[in-house]
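Descriptive structure summary
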Amino acid sequence: YQSVGEFLFFLISFLCGSIGGFIFPMATNIYFGEEKIKKTNIGILYSIDLLGALLGSLLPAALLFPMIGMANFILFLVILNISVIITLGMRAKFS
């Protein structure tokens, strides 16, 4: 790596992607619980997930990134992903 900044960028990108990869299975498990999961239910939940990803990638990038800069924007995304994982983990633990 040419600089510490590049390394941190790749590390943060990896962490955000990894955390994001855990969210859909956890949300599915919390939403459906112990009942048998039907393919149509998974499809609906996945389509909602994709719509959220679309809106979550376009709106913040168009609004937040220009206003707060790249470093603060990445930090915001990291904090947001970690808070979602913690929230889903707590719901799974107490449900």
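See above for the structure.
Okay, so let's go over this structure. Source: prediction; values computed, not measured.

Moving on, we come to the overall build of the chain. When helices and strands are counted, the chain shows 3 helices and 0 strands. Looking at the chain residue by residue over its 95 residues, the buried ones come to 13%. Long-range contacts, defined as pairs at least 24 residues apart, comprise 58% of the intrachain contacts of the chain with a sequence gap of at least 6. Here the chain has roughly 7400 Å² of accessible surface; of this, 74% comes from carbon and sulfur atoms.

Scanning all chains against the criterion turns up 2 aromatic pairs. With a centroid separation of 5.8 Å and 65° between ring planes, the pair formed by Phe 9 and Phe 10 is classed as edge-to-face. Under the relative-accessibility criterion, Phe 9 is labelled partly exposed at 40%. Assessed through its relative accessible area of 45%, Phe 10 is described here as partly exposed. Their ring planes at 75° and their centres at 5.8 Å tell us that Phe 65 and Phe 73 sit as a pair that is edge-to-face. Assessed through its relative accessible area of 35%, Phe 65 is described here as partly exposed.

A contiguous nonpolar patch, built from Leu 51, Leu 54, Leu 55, Leu 58, Leu 59, Leu 63, Met 67, Ile 68, Phe 76 and Leu 80 and spanning about 950 Å² of accessible area, is present on the exposed surface. A per-element tally of the nonpolar patch places helix α2 (residues 39-68) first, with 8 residues. Along the polypeptide, Leu 51 turns up in helix α2. Given a relative accessible area of 49%, Leu 51 falls into the partly exposed group.

To continue, consider the environment of Asn 72. Residue position: Asn 72 is located in helix α3 (residues 70-94). On the basis of relative accessible area, Asn 72 is assigned to the partly exposed category, the value being 45%. Within the structure, the side chain of Asn 72 is placed 3.3 Å from the backbone oxygen of Ile 68, a separation counted as a polar contact.

To continue, consider helix α1 (residues 4-32). Here α1 is 29 residues long and its end C-alpha atoms lie 43 Å apart, about the 42 Å a rise of 1.5 Å per residue gives. Among all positions in α1, only Cys 16, Ile 19, Ile 23, Thr 28, Ile 30 and Phe 32 are buried. Immediately beyond the C-terminal end of α1, within one or two residues, lies Gly 33, with a positive phi of roughly 60°.

Reading guide: rules and limits
Residues numbered from 1 in each chain as written. Predicted model: local features only at pLDDT ≥ 70, side-chain atom pairs only at ≥ 80, totals over all residues. Heavy atoms only, no water. Helix = DSSP H or I, 4+ residues; strand = E, 2+ residues; numbered from the N terminus. Buried < 20%, exposed > 50% of the residue type's maximum accessible area, 1.4 Å probe, protein only. Contact = heavy atoms within 4.5 Å. Areas by Shrake-Rupley, 256 points an atom, 1.4 Å probe, with all protein chains shown as cover. Phe/Tyr/Trp six-rings, centres within 6.5 Å; stacked < 30°, edge-to-face > 60°. Patch = residues over 30% accessible without salt bridge, like charges linked within 9 Å, V, L, I, M, F, W, Y side chains within 5 Å. Salt bridge = Lys/Arg side-chain N within 4 Å of Asp/Glu carboxyl O. Polar contact = N/O pair within 3.5 Å; in protein donor to acceptor, adjacent residues only side chain to side chain. Expected span 1.5 Å × (residues − 1).

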